[in-house]
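As a plain string of letters, each chain reads:
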Amino acid sequence: MFFEELEWLEQNSLLRVIKDRGAAVRPGKILLNGIEYINFSSNDYLGLAFNASVIESAKSAMDRYGFGAGASRLLCGGTELHNELENAVADFKGTEEALVFNSGYTANISIIPAIADEGDVIFSDELNHASIIDGCRLSRAKKVIYRHKDVNHLLELIKKEKAKKKIVITDTVFSMDGDIAPLKEIYNICCEYNAILYIDDAHGTGVLGSGKGSLAHFGIKPDSRPDSQIIQMGTFSKALGSYGAFIAATKDVIDWLINTGRGFIYSTALPACIIAASIEALKILQKRPEIVERLWQNRQRLISGINSLGFETFNSETPIISVKTGDIKTAIKIADMLEQHRIYAPAIRPPTVKIPRIRFTVTAAHTEDDIDTLIDILSKIA
Ligand SMILES: *Cc1c(COP(=O)(O)O)cnc(C)c1O
């Protein structure tokens, strides 16, 4: 059982295998099988996973609160820190309230079914993250898929729907192509047709809008229209270098999720040490804008280099830069060549994406040398 299927994956170069790190090495680097590589595959955009005060906060919370949370938030799993983090997120995102979820994946598969039911309609970008797709499947709402970032298509589809509750769901930064959803136009459509806008800001928080996220990037105020609400989901697991997710919205939405979000109700709370790390990371993000500036300088350096070599980069507008490689075999061959030169950036293949590619994520922790090394090796490969 499963053997033939696995064999088929292997023969078609589609078999996924886990690569585990050997130790916490320097930011921007990764240790695999005793060899140190420059790491262009991490979402730790600001290098905060290695930040000394983030680590210290986690340690002292562990001393104070112990390790495992012991139960869900509705029993006794939460701590004062959970509440402090939620207040900090609401403040940061400019919403009435916020609620912590155990991961971005859990947030999407819990929240979407909680806010969309039979008779409702969800409009979803065709390149939305797998967790959104799964959340839509778990809800009993009708799903309408619009072409990637195509606001005219969205408009055409939303006009046809008579349902009372309509929800438009989109990634803000698309995790594989690194492009940005046209949120202004999408929000205008939501206002015109009284739809809820649900955004997944996993790759936007800490990256766009000087770190404040995609709404700040577009100058959109949350909660500005009660009849066409914005629900913002984001994660602590990427630019904030920690773990877990949040939802930032009005008090009504948060109260509703506390009562109906299954991944919130039926799952053990995150350990206090993780929450403490997120609190500290959020503070650093707000206190030190130069880290985000550094991220964008690095991004500029890498994209200029890659473009000058003539590679196609899927309309990347962010630190996620995917390079088109042709077929799957070529993608794997290039990933192997990079690895021989001590650069780690995996080939991304179907079914994760339709078009094979090497996906680079550049971070604030990379040095100019790291980036120039990558460009140099890419020029040899080209
Ligand atoms: C990573 C990601 C998630 C999942 O977040 P986790 O905290 O890793 O579970 C959800 N949505 C998007 C767009 C992501 O990139």
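Going by the structure above, here's the rest.
Residues numbered from 1 in each chain as written. Predicted model: local features only at pLDDT ≥ 70, side-chain atom pairs only at ≥ 80, totals over all residues. Heavy atoms only, no water.

### Notes on the overall build of the protein
What counts is decided by this rule: Only runs of H or I of at least four residues qualify as helices and only runs of E of at least two qualify as strands under DSSP, and these elements are numbered from the N terminus. Relative accessibility thresholds used throughout: buried, under 20% of the residue-type maximum; exposed, over 50%; partly exposed, between the two (1.4 Å probe, protein chains only). Residue contacts are counted whenever heavy atoms from the two residues lie within 4.5 Å of one another. Accessibility throughout is a Shrake-Rupley quantity obtained with a 1.4 Å probe, and a residue counts as covered only by protein chains that appear here. By the counting rule applied here, Lys and Arg register as positive and Asp and Glu as negative, while His and the ends of each chain are not counted. Every charge is mapped onto a representative atom, which is NZ of Lys, CZ of Arg, CG of Asp or CD of Glu.
When helices and strands are tallied, the protein shows 14 helices and 13 strands. Principal axes of the C-alpha set define a box for the protein whose edges measure 55 × 55 × 50 Å. Here the protein, with 382 residues, has 55% of them falling under the buried criterion. Look at the contacts in the protein between residues 6 or more apart in sequence, and 69% of them connect residues 24 or more apart. As displayed, the protein has an accessible area near 17,600 Å², and 52% of this comes from carbon and sulfur atoms. The protein carries 43 positive and 48 negative side-chain charges, and their two centres are separated by 2 Å.

### So, the packing of aromatic side chains
For the record, the criterion: A pair of Phe, Tyr and Trp rings is counted when the ring centres sit within 6.5 Å of each other, with Trp represented by its six-membered ring. The angle between the planes then sorts it: under 30 degrees is stacked, over 60 is edge-to-face, the rest tilted. By definition here, charges over rings are those cases where NZ of Lys or CZ of Arg is within 6 Å of the ring centre and within 35 degrees of the ring normal.
Counted under the stated rule, the structure contains 4 aromatic pairs. Ring geometry for F236 versus F246: centroids 5.4 Å apart, planes at 55°, classification tilted. Here F236 is found in the loop between β8 (230–235) and β9 (245–249), whereas its partner F246 is found in strand β9, with 10 residues between them in sequence. A single burial state applies to F236 and to F246, both of which are buried. Lying over the aromatic face of F314, K324 brings its terminal NZ or CZ to 5.1 Å of the ring centre. Above the ring of F314, the side-chain terminus of R357 is found at 3.8 Å from the ring centroid.

### A word on unusual backbone geometry
Glycine aside, a negative phi is what most residues show, and trans is what most peptide bonds show. With an omega dihedral of 5°, the bond running from P350 to P351 counts as a cis peptide bond. You can see P351 is positioned in the loop between β12 (347–348) and β13 (357–361). The phi dihedral of N33 falls on the positive side, at around 50°, and the residue is not glycine. With respect to the helices and strands, the residue N33 is situated in the loop between β1 (29–32) and β2 (35–39).

### Re the site of the ligand
What counts, and what does not: Residue proximity to a molecule or strand is established when one non-hydrogen atom of the residue lies within 4 Å of it. By the criterion applied in these results, polar contacts are pairs of N or O atoms within 3.5 Å in which, for protein atoms, one can donate a hydrogen and the other can accept it, and in which residues neighboring in sequence qualify only through two side-chain atoms. Residues are grouped as follows: Ala, Val, Leu, Ile, Met, Phe, Trp, Tyr, Cys and Pro are nonpolar; Asp, Glu, Lys and Arg are charged; all remaining types, including Gly, are polar.
Around the ligand, the structure places 14 residues, and the nearest of them are G104, D200, H203, S237 and K238. Within the side chain of D200, a nitrogen or oxygen atom sits 2.6 Å from a nitrogen atom of the ligand. Contact between the ligand and S237: an oxygen atom at 2.9 Å from a side-chain N or O atom of the residue. Coverage of the ligand by the protein chains reaches 86% of its 380 Å² of free accessible surface. For the shell around the ligand, the leading source of residues is helix α4 (residues 104–115), giving 3 residues. Residue composition of the shell around the ligand, grouped by class: 2 nonpolar, 9 polar and 3 charged.

### Observations regarding the packing of α4 against helix α5 (residues 130–138)
When two helices pack together, you describe them by how their axes are tilted relative to each other and by the distance separating the axes. Operational definition: Here an angle of 0 to 180 degrees is reported between the N-to-C directions of two axes, which are lines fitted to C-alpha atoms, with helices fitted over the stretch in contact. Angle categories: roughly parallel below 35 degrees, roughly antiparallel above 145, roughly perpendicular from 65 to 115, and oblique for all the rest. Each crossing is labelled by how the near helix is turned from the far one, with a counterclockwise turn of less than a right angle marking it left-handed and a clockwise turn marking it right-handed.
At a minimum axis separation of 7 Å, α4 and α5 run at an interaxial angle of 30°. In terms of axis orientation, α4 runs roughly parallel to α5. The handedness of the crossing between α4 and α5 is right-handed. Facing α4, whose interface residues are G104, Y105, N108, I109, I112 and P113, α5 presents S131, I132, D134, G135, C136 and L138.

### What to know about the environment of E126
Here E126 is to be found in the loop between β4 (121–125) and α5. Residue class for E126 comes out partly exposed when judged on its relative accessible area of 37%. When the C-alpha positions of E126 and E156 are compared, they lie 15 Å apart, and in sequence the two are 30 residues distant. Those residues in contact with E126 that sit more than four places away from it in its chain are I145, Y146, R147 and H148. Within polar-contact distance, the side chain of E126 engages the backbone nitrogen of H148 at 2.9 Å.

### Observations concerning the state of the cysteines
The line we're drawing: Cysteine sulfur atoms that come within 2.5 Å of each other are treated as a disulfide pair.
Within the structure shown, the criterion is met by 0 disulfides. There is no disulfide at C273, and the cysteine sulfur nearest it, in C76, is 16 Å away.

### Quick word on the pairing of β4
Inclusion rule: A strand pair is defined by DSSP finding two or more bridges across the two strands. Orienting the strands away from the viewer, one traces the path from the first strand over the helix to the second; a clockwise path indicates a right-handed crossover.
Of all the 5 residues making up β4, 5 are buried; the element is thus mostly covered by neighbouring parts of the structure. Neither face of β4 is exposed, since V121, F123 and D125 on one face and I122 and S124 on the opposite face are all buried. Across 5 bridges, the pairing between β4 and strand β5 (residues 142–146) is parallel. What sits directly across from S124, in β5, is I145. Regarding the hand of the β-α-β motif, the stretch spanning β4, α5 and β5 is right-handed. Of the strand pairs in this sheet, β4 and strand β6 (residues 166–171) are connected by 4 bridges, and their pairing is parallel. What sits directly across from F123, in β6, is V168.

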